[in-house]
Amino acid sequence: MAAFCLYSAYTVGSTALSWSWRLFKTFLRPGRNLFKRYQGGYVLVTLATFGLGLEYAMQFAAKGFNLVLVARNQEKLDAVKRKFKEEFGDIDIKLIVFDFDKPYTAEGYQPLKDALDQIEDISVLINNVGVFKADYFKELDFCMIKTILKVNLVPQTIMTKLLLAKLLERSKKQGKRTAKPK
Ligand SMILES: NC(=O)c1ccc[n+]([C@@H]2O[C@H](COP(=O)([O-])OP(=O)(O)OC[C@H]3O[C@@H](n4cnc5c(N)ncnc54)[C@H](OP(=O)(O)O)[C@@H]3O)[C@@H](O)[C@H]2O)c1
């Protein structure tokens, strides 16, 4: 009987603790201070003029990070830069026009690499590039399937490859944290 009571008390106690921890983590615990954690720097966001990319860029700008925004359309990038400058004042914003649906060759990515080589102090990569089709798979045509496979796999990997050395160097040489893949 005593063992049963002890076991029940243990089960109820550990479940209550586990749920309290979850509730605290989800609703009460304050978010990390990312600006302090990464000591500022530039946050690079791909697909940055609309949707999730635009939201990421805005959230990081609001925290005081500088930005590197990548998308296809120069006018849209300029408009986002103007808006953020008005809203967030003295942050620096660099724009890179690049189409990720390019031939995936070293030459195809050279303009992006050249642009990235000009930028020091990148601390976070938001590797947001990808395509999403809500249609049923059976309704997708061959061309769309090919695009989804290509664009959802290759550019993220190349972006990681292009930036990893820079991110590691920031940690190693300047002793600053970076949000990098392991
Ligand atoms: N929205 C969703 O419900 C959902 C669900 C699951 C996953 N996702 C993923 O989340 C990410 C963002 O999706 P989203 O729906 O927020 O945005 P989105 O509508 O897919 O993307 C819009 C942004 O991407 C840029 N863009 C589009 N194609 C590009 C290309 N080939 N090269 C460079 N830039 C390009 C556009 O800029 P320009 O006009 O300048 O080209 C614009 O800034 C994607 O990886 C998507 O697969 C989204």
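Use the structure listed above.
Being a predicted model, the structure only gives us computed values, none of them experimental.

Novice: Which parts of the structure should I look at to understand the layout of surface pockets?
Specialist: Which parts of space are left empty comes out when a probe the size of a water molecule is rolled across the atoms. Considering only enclosed or pocket space, the largest pocket measures out at about 550 Å³ in volume. Lining the largest pocket are 21 residues, with Leu47, Ala71, Arg72, Gly130 and Val131 positioned closest to its centre. Those elements that place two or more of their residues in the lining of the largest pocket are α3 (51–62) and α6 (142–151). Here the residues of the lining of the largest pocket sort into 10 nonpolar, seven polar and four charged.

Novice: How should I be thinking about α6 in this particular structure?
Specialist: The periodicity of an α-helix, 3.6 residues per turn, causes residues three or four places apart in sequence to face the same way. Among the residues of α6, Thr147, Ile148 and Val151 are the ones counted as buried. Here the buried residues of α6 occupy an arc of 100° about the axis, which is enough to place them on one side. Exposed residues lying more than 90 degrees from the buried face of α6 are Phe142 and Leu149. The secondary structure elements touched by the buried residues of α6 are α7 (154–174).

Rules used in this analysis
- Residues numbered from 1 in each chain as written.
- Predicted model: local features only at pLDDT ≥ 70, side-chain atom pairs only at ≥ 80, totals over all residues.
- Heavy atoms only, no water.
- 1 Å grid on protein atoms, 1.4 Å probe; cavity = no way out; pocket = protein on both sides within 12 Å on 5 of 7 lines; lining within 4 Å.
- Points joined across faces, edges and corners; volume = space filled by probe spheres on them.
- Helix = DSSP H or I, 4+ residues; strand = E, 2+ residues; numbered from the N terminus.
- Nonpolar A, V, L, I, M, F, W, Y, C, P; charged D, E, K, R; others polar.
- Buried < 20%, exposed > 50% of the residue type's maximum accessible area, 1.4 Å probe, protein only.
- Arc of directions from axis to C-beta.
- Contact = heavy atoms within 4.5 Å.

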